[in-house]
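Fold and contact review
What follows is the residue order along each chain.
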Amino acid sequence: RRASLGLAVQSLGGSVMAETTTMAPSMAETTTISSTVYWAMLSLGAANLLPWLSFLTLADYFLDIYGDNSMEFYFPAVSTTVLVGAATLNLLYGQALSFDVRVRVPTFVMAASLLAVPLVDLAMRAGLASRFGFAITLVSVLVNAFCSAVAQSSLYGLAALFGDGATQALQSGQGVMGVVSVLLRVVSNVVLAGRPSTSMFAFCSCGSALLAGSVAAYARAVCDDSVAARLAAYERRRLSATATATAGALDQMLLPAEGRPAPSRWLSASEVWLESLSAFLVFVTCLACFPGLATSLTSPTLGSWFPLLMVAAYNCGDLFGKTLPARARLVSRRSLPAWVSAHLLFVPLFLLLLRAPAGRGGASDALPLGCTFVLGVSTGYIGCMALVLVGEHAGSAEEKELWGTASSFSLMLGLTAGSLLSFALSAAFASPS
């Protein structure tokens, strides 16, 4: 079950981690991005998940080198804790720094830090004690989680500033990477069986290269004609707001054009309280059910393949759900609470599945797989729409960037709260194994 937990959590990276603001063409005030910006944001969304996915897809390697699956428990605990702290700092003080600093620097650090695992492997082969290797790896986890949170929340703020299609691209990139990670996992299980170190070196090297490449994609995006003027105007206002970039001075950036008194940062963020609360509840529910309760389900016929199929079911559903807002707009701000309330019903549904008698395959396996797929669709669609609605609020570019960052913070807080709830539910309801 420990390996199942580590494998299953990867699908949420995202989701380890993310969502915030895109607009449908029906929006009153639309801004269109070019295909160059779209694909750049898609690659940035996918790359941002790589550190999270890398540590989770290397469960076999960690089991082989450390002798147990302890990393699969320490990693999510460290990651989710750091996520909230990093997102809080970015929410409070992020606007004091340019997007270049908040996106390029942490992404380069992640690319370098991802190579810590291969370097630790080499050091351990040269005589480094395993306990020190484990500690160094956890430090790499902490660094990656912090940088990922800063880059991710900044990317969603940037997407809110860019406008129509940008957040959808980030969401799609994360969904695609989740599915690709499952395919890579299947390949490693089949082709590289018995060679965990080879798989680890290949995966980490490719991941580091992709992260570095995403920085080039970012550089290309911010120079694109469809967004360059908006970004330049934002940066001029940010620099003129304060030379010291204190939080109090940054409040002056939120002065509306009409000359009304400047709202505080917290008052401005409260404009999107409903969407932020909805994103929080969607991901609390998701983390409580998957992997928490879902990994307690077993299949006598599928055996060790069952957790992988559960991850595949969730990731495919999540990708499908995240692509729906561009095609089907079923959720409005007025109906959002009803959709979120319906989403909460997944918790009792998975509790019923957990307490149901074990089946013998076939239809009994299809039911939890189907429920997990629908959970992915619901989380991807409602979560994405909650954050898409943030972009419909009228406001300045600075307010939109703040709203995007605040919404991303709510999402990360939901991930952490959901992971804690999953432990409580599993302890209270899981059948002993």
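Conventions and cut-offs
- Chains are numbered independently. Their residues run from 1 in the order of the written sequence.
- For this predicted model, a pLDDT threshold of at least 70 governs which residues receive local features, and a threshold of 80 or more governs which side-chain atom pairs are given and counted, while totals over whole chains, interfaces and linings are taken from all residues.
- Think of the side-chain values as coming from all heavy atoms in the structure, minus any hydrogens and water.
- Numbering of helices and strands starts at the N terminus; helices are DSSP runs of H or I of at least 4 residues and strands are runs of E of at least 2.
- Relative accessible area decides the class of each residue, using a 1.4 Å probe on protein chains only: under 20% of the type maximum gives buried, over 50% gives exposed, and in between gives partly exposed.
- Surface accessibility follows the Shrake-Rupley procedure with a 1.4 Å probe radius. Residue values consider only the protein chains on display as shielding.
- What the arc covers is the set of directions going from the helix axis to the C-beta atoms.
- As used in this record, nonpolar core signifies buried Ala, Val, Leu, Ile, Met, Phe, Trp, Tyr and Cys residues forming a set joined through side-chain atoms within 4.5 Å.
- The contact definition used throughout considers only heavy atoms, calling two residues in contact when any of these lie within 4.5 Å.
- As a rule, the C-alpha atoms of each element are fitted with a line to give its axis, helices using only the stretch in contact, and angles between N-to-C directions run from 0 to 180 degrees.
- When an angle is under 35 degrees it counts as roughly parallel; over 145 it counts as roughly antiparallel; between 65 and 115 it counts as roughly perpendicular; any other value is oblique.
- In this scheme the handedness of a crossing depends on how the near helix is turned from the far one: anticlockwise by less than a right angle means left-handed, clockwise means right-handed.
- In the sections that follow, a salt bridge refers to a side-chain nitrogen of Lys or Arg positioned within 4 Å of a carboxyl oxygen of Asp or Glu.
- Per-residue confidence from the predictor is reported as pLDDT, a score between 0 and 100.
- Under the scheme applied, nonpolar residues are Ala, Val, Leu, Ile, Met, Phe, Trp, Tyr, Cys and Pro; charged residues are Asp, Glu, Lys and Arg; polar residues are all the others, including Gly.
- Note on terminology: disulfide denotes any pair of cysteine sulfur atoms within 2.5 Å.

**Things to note about the overall build of the protein**
The helix and strand tally for the protein stands at 19 helices and zero strands. Sorting the 433 residues of the protein into buried and exposed places 58% on the buried side. Counting only carbon and sulfur atoms, one obtains 68% of the accessible surface of the protein, whose full area is about 17000 Å².

**A closer look at helix 17 (residues 346–355)**
Burial in helix 17 covers these residues: Phe 346, Val 347, Phe 350, Leu 351, Leu 353 and Leu 354. Down the axis, helix 17 shows its buried residues gathered within 160 degrees of arc, on one side only. Along helix 17, the residues that are exposed and aim more than 90 degrees away from the buried face are Leu 352 and Arg 355.

**Quick word on the nonpolar core**
Here is a general trend for soluble globular proteins: nonpolar side chains tend to be buried in one another's company. In this structure, Val 331, Leu 336, Tyr 381, Ile 382, Leu 411 and Met 412 are the most contacted members of the largest nonpolar core, which totals 31 residues. Of all the secondary structure elements, the ones that give two or more residues to this core are helix 5 (71–93), helix 8 (130–162), helix 14 (273–293), helix 16 (336–343), helix 18 (363–388) and helix 19 (397–429). Of the residues forming this core, the biggest block, seven residues, is contributed by helix 18. Sequence-distant contacts of Val 331, defined by excluding residues within four places in its chain, comprise Leu 336, Trp 339, Tyr 381, Met 385 and Leu 389. If you look at the next biggest cluster of nonpolar residues, it comprises 27 residues, including Leu 53, Phe 55, Ala 111 and Met 200.

**Digging into the packing of helix 2 (residues 35–48) against helix 8**
Taken N-terminus to C-terminus, the directions of helix 2 and helix 8 make an angle of 160 degrees; their axes are 10 Å apart at the nearest point. The angle between helix 2 and helix 8 places the two elements in the roughly antiparallel class. Our pair here, helix 2 against helix 8, has a crossing hand that is left-handed. Residues Val 37, Met 41, Leu 44 and Asn 48 of helix 2 touch helix 8, and the partners they reach there are Ser 148, Ala 151, Gln 152, Leu 155, Ala 159 and Phe 162.

**Quick look at the pattern of salt bridges**
Within this structure, the stated rule accounts for four salt bridges. Close ionic contact of Arg 104 with Asp 100 constitutes a salt bridge, the shortest N to O distance being 3.5 Å. Here Arg 104 and its partner Asp 100 are both found in helix 6 (residues 99–113), four residues apart, which amounts to about one turn of the helix. Two residues, Lys 322 and Asp 318, come together in a salt bridge whose shortest N-O distance is 3.0 Å. A residue pair is termed a helical-turn pair when its members lie 3 or 4 positions apart in one helix, as Lys 322 and Asp 318 do in helix 15 (residues 305–323) at four residues. Considered together, Lys 322 and Asp 318 belong to a single accessibility category, that of buried residues.

**Comments concerning the environment of Phe 320**
As for its placement among the helices and strands, Phe 320 is situated in helix 15. On the basis of relative accessibility, which here comes to 45%, the residue Phe 320 falls in the partly exposed class.

**Regarding the confidence of the model for the protein**
Per-residue confidence for the protein averages 77 on the pLDDT scale, and 79% of its residues sit at or above 70. Mean pLDDT values for the elements of the protein range from 42 in helix 1 (residues 2–9) up to 96 in helix 16. Predicted confidence for residues 1–30 stays below pLDDT 50, and this span has 123 contacts to residues more than four positions away or in other chains. Under a pLDDT of 50 for its full length, residues 255–262 has, in the predicted model, seven contacts with residues more than four places off or in other chains.

**Concerning the packing of helix 8 against helix 19**
Contact geometry for helix 8 and helix 19: axes closest at 7 Å, N-to-C directions at 140 degrees. In this view, helix 8 runs oblique relative to helix 19, as classed from their interaxial angle. Every pair of crossing elements has a handedness; the one defined by helix 8 and helix 19 is right-handed. Residues Ala 149, Gln 152, Ser 153, Tyr 156, Gly 157, Ala 160 and Leu 161 of helix 8 form the contact with helix 19, whose participating residues are Ala 397, Lys 400, Glu 401, Gly 404, Thr 405, Ser 408 and Met 412. Partitioned by chemical class, the residues of the contact of helix 8 with helix 19 number six nonpolar, six polar and two charged.

**Focus on the state of the cysteines**
Evaluation of the coordinates by the stated rule reveals zero disulfides. No disulfide involves Cys 286; its sulfur sits 7.4 Å from the nearest other cysteine sulfur, which is in Cys 289. Take Cys 371: it sits in no disulfide, and the sulfur closest to it among the cysteines is that of Cys 289, at 9.9 Å.

**Here's the deal with the environment of Cys 289**
By the element assignment, Cys 289 lies in helix 14. On the basis of relative accessible area, Cys 289 is assigned to the buried category, the value being 0%. In sequence terms Cys 289 and Leu 375 are 86 residues apart; their C-alpha atoms lie 8.6 Å from each other. Each residue touching Cys 289, except ones within four places of it in the same chain, is listed here: Ala 294, Phe 346, Val 347, Phe 350 and Leu 375.

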